[in-house]
Amino acid sequence: MNVLILNGPNLNLLGKREPEIYGSETLADIENAIRHRAFDQGLATDFLQTNHEGVMLDRIHEGRERFDAIIINPAAWSHTSVALLDALKAFEGRVIEVHLSNIHTREAFRHHSYISSRAEAVIAGMGSFGYLAAIDYLAR
């Protein structure tokens, strides 16, 4: 199984930005842990972090032929992007949504995610372990 892991805006600042919410791990630390877990589970992975919505949309479109599943942390786009939802609807593989923080205990505008209606599973509030849980779930 080929899995694309997508990370949205500002996640390149993990470890520096609001560590009381997002923890001290960097995105590189998280990607490293995912690579190891995926390898142990027999999954191949590819990664993209972008602060540009069009770049993420293009990667999802390209991934229709290449990937069996997407693990996505859409970050702020969760709450704003119908375009991202539509791109994920056009992707025929599995979709798992991951959030480092529990979006339901934060500001009211974060309580709704457009992406959740496409995801077969949503993991929130488990920190970086949420990505590993998504890998384990896909490997089952």
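Higher on the page you've got the structure.
Residues numbered from 1 in each chain as written. Predicted model: local features only at pLDDT ≥ 70, side-chain atom pairs only at ≥ 80, totals over all residues. Heavy atoms only, no water.

S.K.: Which residues make up the packing of helix α2 (residues 27-41) against helix α5 (residues 129-139), and what values go with them?
M.R.: Where α2 contacts α5, the two axes come as close as 9 Å, and the packing angle between them is 20°. Put simply, α2 runs roughly parallel to α5. Read as a crossing pair, α2 and α5 show a hand that is right-handed. Contact residues: α2 offers Ile30, Ala33, Ile34, Arg37, Ala38 and Gln41, while α5 offers Tyr131, Leu132, Ile135, Asp136 and Ala139. The residue inventory of the contact of α2 with α5, partitioned by class, reads eight nonpolar, one polar and two charged. (Axes fitted to C-alpha atoms, helices over the stretch in contact; angles between N-to-C directions. Helix = DSSP H or I, 4+ residues; strand = E, 2+ residues; numbered from the N terminus. Parallel < 35°, antiparallel > 145°, perpendicular 65-115°, else oblique. Left-handed = near helix turned anticlockwise from the far one by under 90°. Contact = heavy atoms within 4.5 Å. Nonpolar A, V, L, I, M, F, W, Y, C, P; charged D, E, K, R; others polar.)

S.K.: Describe unusual backbone geometry, listing the residues and the values that go with them.
M.R.: The phi torsion at Asn10 lies on the positive side, around 75°, for a residue other than glycine. Tracing the backbone through its elements, the reader meets Asn10 in the loop between β1 (2-7) and α1 (19-22). Using a relative accessible area of 35% as the deciding quantity, one classes Asn10 as partly exposed. Within the chain, Ala75 stands out as a residue other than glycine whose phi angle is a positive 50°. (Buried < 20%, exposed > 50% of the residue type's maximum accessible area, 1.4 Å probe, protein only.)

S.K.: Kindly report on α2, identifying the contributing residues and their values.
M.R.: With 15 residues, α2 should reach 21 Å at 1.5 Å per residue; the first-to-last C-alpha distance of 21 Å fits that figure. The secondary structure elements touched by the buried residues of α2 are β1, β2 (44-49) and α5. Of the residues flanking the end of α2, it is Gly42, one or two places downstream, whose phi is positive at about 80°. (Expected span 1.5 Å × (residues − 1).)

S.K.: Describe the environment of His79, and please don't skip the residues or the numbers.
M.R.: Mapped onto the fold, His79 is located in the loop between β3 (69-73) and α4 (82-90). On the basis of relative accessibility, which here comes to 13%, the residue His79 falls in the buried class. The spacing of His79 and Ile115 is 36 residues in sequence and 8.1 Å in space, taken between C-alpha atoms.

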